[in-house]
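Remarks on the overall topology
The primary structure of each chain is shown beneath.
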Amino acid sequence: MNTQLKTAFYWLLLGICFLTHNVLHMYGLFYDVDIRLPDATGEIPLGTQLFNTVIFTVTFLMALLSIQLSGKGFRWFSLVWSGLFLLLNIFHLAATAFVEAFDLSQVCLLTFVLAVNVLLTGALWKGLKQ
């Protein structure tokens, strides 16, 4: 599989994993777990809306653009974006494993997300070196 298709697949897989991550958070509802944030007011804060828009929409957009675009500028942007996601995923996995209440399914999923993100970053770096 060529690098362009690999990166599109990795971006798509990350987007699906982010959606799965949210579904796993809501899974506690089936077991009568109160999943509300302690400071919840009944409205989603604008910052949260923006964060979710960037995380989900841009991830799927990167998958689409990876199929359509192959220029060096886009590849550099994709690499930087992947690197930022890599940092986010490292810190989030650490927080989930060691700070928050332990959830085996989330730790396993976030470990997988980190592995996919490493593969994505590696593929992008390799593609830039060619």
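Below you will find a few notes about this structure. This is a predicted model, so every value here is computed, not measured.

In contact at an axis separation of 13 Å, helix 1 (residues 3-26) and helix 3 (residues 72-98) are set at 30° when each is read in the N-to-C sense. Overall, the two elements helix 1 and helix 3 adopt an arrangement that is roughly parallel. Remark: the crossing between helix 1 and helix 3 carries left-handed chirality. Contacts between helix 1 and helix 3 involve W11, F18 and H21 on the former and, on the latter, S78, W81, S82, F85, N89 and H92.

Taken as a whole, the largest pocket spans an internal volume of roughly 910 Å³. Looking at the largest pocket, it is lined by 24 residues, and the ones nearest its centre are N22, H25, L37, T48 and N52. Those elements that place two or more of their residues in the lining of the largest pocket are helix 1, helix 2 (46-68) and helix 3. Taken together, the residues of the lining of the largest pocket sort by class into twelve nonpolar, nine polar and three charged. By volume, the second largest pocket amounts to about 220 Å³. Lining the second largest pocket are L24, H25, Y27, G28, Y31, V33, T96, E100, A101, D103, S105 and Q106. Every element with two or more residues in the lining of the second largest pocket is listed here: helix 1 and helix 4 (104-129).

Where helix 1 contacts helix 2, the two axes come as close as 8 Å, and the packing angle between them is 160°. If you check the angle between helix 1 and helix 2, you find them roughly antiparallel. Every pair of crossing elements has a handedness; the one defined by helix 1 and helix 2 is left-handed. The segment helix 1 lies against helix 2, with Q4, T7, A8, W11, L12, L14, G15, I16, F18, L19 and N22 engaging I55, F56, T59, F60, M62, A63, S66, I67 and Q68. For the contact of helix 1 with helix 2, a count of residues per class yields 13 nonpolar, seven polar and no charged.

What follows deals with the nonpolar core. Formed by 21 residues in total, the largest nonpolar core has its most connected members in W11, L14, F18, F85, V113 and L120. Looking at this core, the elements that each hand over two or more residues are helix 1, helix 2, helix 3 and helix 4. When residues of this core are assigned to their parent elements, the largest contribution, seven residues, is made by helix 4. Ignoring any residue separated from it by four or fewer positions in sequence, one finds W11 in contact with T59, M62, A63, S66, S78, W81, S82, F85 and L120. By size, the runner-up hydrophobic cluster in this structure holds five residues, among which are L93, V107, L110 and L114.

Parameters at a glance
- Residues numbered from 1 in each chain as written.
- Predicted model: local features only at pLDDT ≥ 70, side-chain atom pairs only at ≥ 80, totals over all residues.
- Heavy atoms only, no water.
- Axes fitted to C-alpha atoms, helices over the stretch in contact; angles between N-to-C directions.
- Helix = DSSP H or I, 4+ residues; strand = E, 2+ residues; numbered from the N terminus.
- Parallel < 35°, antiparallel > 145°, perpendicular 65-115°, else oblique.
- Left-handed = near helix turned anticlockwise from the far one by under 90°.
- Contact = heavy atoms within 4.5 Å.
- 1 Å grid on protein atoms, 1.4 Å probe; cavity = no way out; pocket = protein on both sides within 12 Å on 5 of 7 lines; lining within 4 Å.
- Points joined across faces, edges and corners; volume = space filled by probe spheres on them.
- Nonpolar A, V, L, I, M, F, W, Y, C, P; charged D, E, K, R; others polar.
- Core = buried A, V, L, I, M, F, W, Y, C linked by side-chain atoms within 4.5 Å.
- Buried < 20%, exposed > 50% of the residue type's maximum accessible area, 1.4 Å probe, protein only.

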